[in-house]
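The primary structure of each chain is shown beneath.
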Amino acid sequence: MAVDEALLRCMAPDGAAVLRLYGFAPACVSLGRFQTVGDLADDVARIRDGVDVVRRPTGGRAVLHDDEVTYAVVLGRHHVQPFTKRAAYRTSAALLLRLLGALGVRGAVHPGDRTAPAADADPDCYHATGEYEITAGAKKLVGSAQITTRDAALQHGSIPLSTSYSRIARYLRERGSAREEGAIPGATSVAVESGRRWRYHEALHTLAAAARAHLGAEPSTLSEAEVRLARDLETTRYGRSQWTCAR
């Protein structure tokens, strides 16, 4: 999370767009920026399972990052015109669709439901599909969240290799009827849609190769400024309970 925010804040006016692909070790529940920590159940099950927790700089609902590839796209104002949240979502979604084909997945962009009442939202990201999120076979595949500044936009999310994200039921409080772990009717995974099992490193390298081949992406490393800022953000924000439990 610290690196993603550092990439956002360090995006130069004439800088190249950034695609970052990574994973979590250990598995981790990420909470949306404005999500209440009360959506989490007590920590006993999560700690027993060795699952960490972090709060994202972006909005949205809780995601269990386990057996998946996390992506982050950072775009400057000059990359998308007009520079709006929806334009950044459209650009990122188009990029993701081109990459997912390399995993044998045929995806589509979901139009979203702007009439859904936010107050009744399930805290689990995979129980709802937002505008411009990626679906496959009419089911949610890629969960995404975004933050936009005056100069740049960060969109990041989870590309699930299996349906392990449903295990988040163990770590969330019940809402209405008892929360059950198991298949989520409106969600899917790369394994289900491609008809084969993808290991993390295999999927990571396949996506990176597709980015080079189809998007002209070039491998790069963090700048000194990005490294310094990421370390500072990790120390002062993402590694502190005051941030994680702020709401």
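Heads up: the structure comes first, above all this text.
Note that the structure is a prediction, hence the values are computed from the model and not measured.

Engineer: Quick question: what am I supposed to make of the overall build of the protein chain here?
Structural biologist: For the protein chain, the helix and strand inventory stands at seven helices and nine strands. For a compact globule of 247 residues, the expected C-alpha radius of gyration is about 18 Å, and the protein chain comes in at 17 Å, within 12% of that figure. Structurally, the protein chain occupies a C-alpha span of about 50 × 40 × 35 Å along its principal axes. Here the protein chain holds 247 residues, and the buried ones make up 46% of them. Summarising the internal contacts of the protein chain: among those between residues at least 6 apart in sequence, 76% fall at separations of at least 24. If you sum the accessible surface of the protein chain, you get close to 12300 Å²; carbon and sulfur atoms cover 51% of it.

Engineer: Explanation requested: the environment of aspartate 14 in the structure shown.
Structural biologist: Following the sequence through the fold, aspartate 14 ends up in the loop between α1 (2-9) and β1 (18-22). Aspartate 14 sits 62 residues away from glycine 76 along the chain, and the two C-alpha atoms are 7.9 Å apart.

Engineer: I would appreciate a short explanation of the sheet that holds strand β2 (residues 28-31) in the present structure.
Structural biologist: In sheet architecture, strand pairing relies on hydrogen bonds along the backbone and comes in two forms, parallel and antiparallel. Across the sheet, three strands lie side by side as β3-β2-β4; this open sheet has mixed pairing. In the strand order of this sheet, the two ends are held by β3 (52-55) and β4 (63-65), each with one partner. For this sheet, the mean inter-axis angle between neighbouring strands, taken without regard to orientation, is 25 degrees.

Engineer: What am I meant to see in the side chain of arginine 46 here?
Structural biologist: Note that arginine 46 resides in helix α2 (residues 44-48). By relative accessible area, arginine 46 is classed as buried at 10%. Leave out the neighbours within four places in its chain, and arginine 46 touches Val51, Asp52, Val53 and Tyr171.

Engineer: What is the right way to read the packing of helix α3 (residues 85-100) against helix α5 (residues 200-215) from this model?
Structural biologist: Helix-helix packing is characterised by the crossing angle of the two axes and by the distance between the axes. At their nearest, the axes of α3 and α5 sit 9 Å apart, and the two run at 115 degrees to each other. As judged from the angle between their axes, α3 and α5 are roughly perpendicular. As for how α3 packs across α5, the hand of that crossing is right-handed. Along the contact surface, α3 presents Leu95, Arg98 and Leu99, while α5 presents Leu207, Ala210, Ala211, His214 and Leu215. Across the contact of α3 with α5, the residue classes break down as six nonpolar, one polar and one charged.

Scoring rules and cut-offs
Residues numbered from 1 in each chain as written. Predicted model: local features only at pLDDT ≥ 70, side-chain atom pairs only at ≥ 80, totals over all residues. Heavy atoms only, no water. Helix = DSSP H or I, 4+ residues; strand = E, 2+ residues; numbered from the N terminus. Rg over C-alpha atoms; globule rule 2.2 N^0.38 Å. Buried < 20%, exposed > 50% of the residue type's maximum accessible area, 1.4 Å probe, protein only. Contact = heavy atoms within 4.5 Å. Areas by Shrake-Rupley, 256 points an atom, 1.4 Å probe, with all protein chains shown as cover. Pairing = 2+ DSSP bridges. Axes fitted to C-alpha atoms, helices over the stretch in contact; angles between N-to-C directions. Parallel < 35°, antiparallel > 145°, perpendicular 65-115°, else oblique. Left-handed = near helix turned anticlockwise from the far one by under 90°. Nonpolar A, V, L, I, M, F, W, Y, C, P; charged D, E, K, R; others polar.

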